[in-house]
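In case you want the letters, here they are:
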Amino acid sequence: ASDVYKRQVVDAYSNEAFWGVRREMAEALSKANHETAVAGLAQLVLSEQHPLAMATLFSAAGNYRDSRILEALLNRLQGDLPYQARQAALEAVGKQRHAAPLNLLLATSQQEGYNGIVQSGALTGLASTRRDEAVEQLLEQAPYGATPVRARYAVVSGLGDIGQGQEKARREQIVEILSDLLRDPWWPVHISAARSLQLMKAVEAIPILEIYAKSLSYQDQVIVERMIGVMRESDKSDGSAMKKQVEELQERLRKLEDRVETLSAQSGAADSEAHEKG
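Cut-offs used in this document
Residues numbered from 1 in each chain as written. Predicted model: local features only at pLDDT ≥ 70, side-chain atom pairs only at ≥ 80, totals over all residues. Heavy atoms only, no water. Helix = DSSP H or I, 4+ residues; strand = E, 2+ residues; numbered from the N terminus. Contact = heavy atoms within 4.5 Å. Axes fitted to C-alpha atoms, helices over the stretch in contact; angles between N-to-C directions. Parallel < 35°, antiparallel > 145°, perpendicular 65-115°, else oblique. Left-handed = near helix turned anticlockwise from the far one by under 90°. Nonpolar A, V, L, I, M, F, W, Y, C, P; charged D, E, K, R; others polar.

1. Digging into the overall build of the protein
Regarding its fold elements, the protein presents 15 helices and zero strands. Of all intrachain contacts in the protein linking residues separated by at least 6 positions in sequence, the fraction that spans at least 24 positions is 64%.

2. A word on the packing of helix α9 (residues 132–141) against helix α11 (residues 168–180)
Their axes nearest at 11 Å, the elements α9 and α11 cross at an angle of 25°. Judged by the angle between their axes, α9 and α11 are roughly parallel. In terms of crossing hand, the pair formed by α9 and α11 is left-handed. For the pair α9 and α11, the contacting residues are V135, E136 and L139 in the first and R170, Q173, I174 and I177 in the second. Taken together, the residues that form the contact of α9 with α11 break down as four nonpolar, one polar and two charged.

3. Notes on the packing of helix α10 (residues 152–163) against α11
Each packed pair of helices is defined by two parameters, the angle between the axes and the distance between the axes. Running from N to C, α10 and α11 point in directions that differ by 155°, and their axes come no closer than 10 Å. Between α10 and α11, the interaxial angle falls into the category roughly antiparallel. Between α10 and α11 the crossing geometry is left-handed. Between α10, through V156, L159 and G163, and α11, the contact on the second element is made entirely by R171, I174, I177 and L178. The residue inventory of the contact of α10 with α11, partitioned by class, reads five nonpolar, one polar and one charged.

This is how it looks when you write it as structure tokens:
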């Protein structure tokens, strides 16, 4: 019965005249998690022509990692699309993870266009791939002046997204960059940096976030203080604080062991020298 219902939704989408209803149907299919929905969305991506329905449909299709979805999106990207639809298609392509065409996303992420709309889609899609090359590109485009101002928020948001799964050294690098971006002169960039730090659960950045909050208007200050509160609660509940403490103790132990080895080597050398003189 469930399969029949989803098939009916796909068929109804094709027969629905009003684009607003089609958008609602696309979002319903994006949450269905069913083969019929995947096949239907791939089919609809190829056929949809209304500018106000395309972006929602492409985003809905991107919720599934499937070769048919990717093929349909790439097919549409080869043709003419409205800016928002192309943005959504690039974001959906990036969600295909390692199957995503990295070269396409890398190239488009560096192309300035109208209001940074398409470039932002490529940057967001790039972060969604979770690829090492994506991290490098985002870090290169993060500093002030490296990317057109209208697309930089997507760089910063992308760093928060991709930074969640990074190893310690790379994660620290991303947290440092995001912390520095709290001083950025453009509001969408520095508030996105704060949100990215929250997304990464970067509790080590809380002191600088507290300083940052004091520089904002009362309304924005309340928003950042809520972020900090969420980070602290998350740190308590998921054991991050304990994990961090253990890591710090392990690092101190390692340094102590290195020191002991150094002193032992120095002592051995001194004994050997004294023995030779004796």
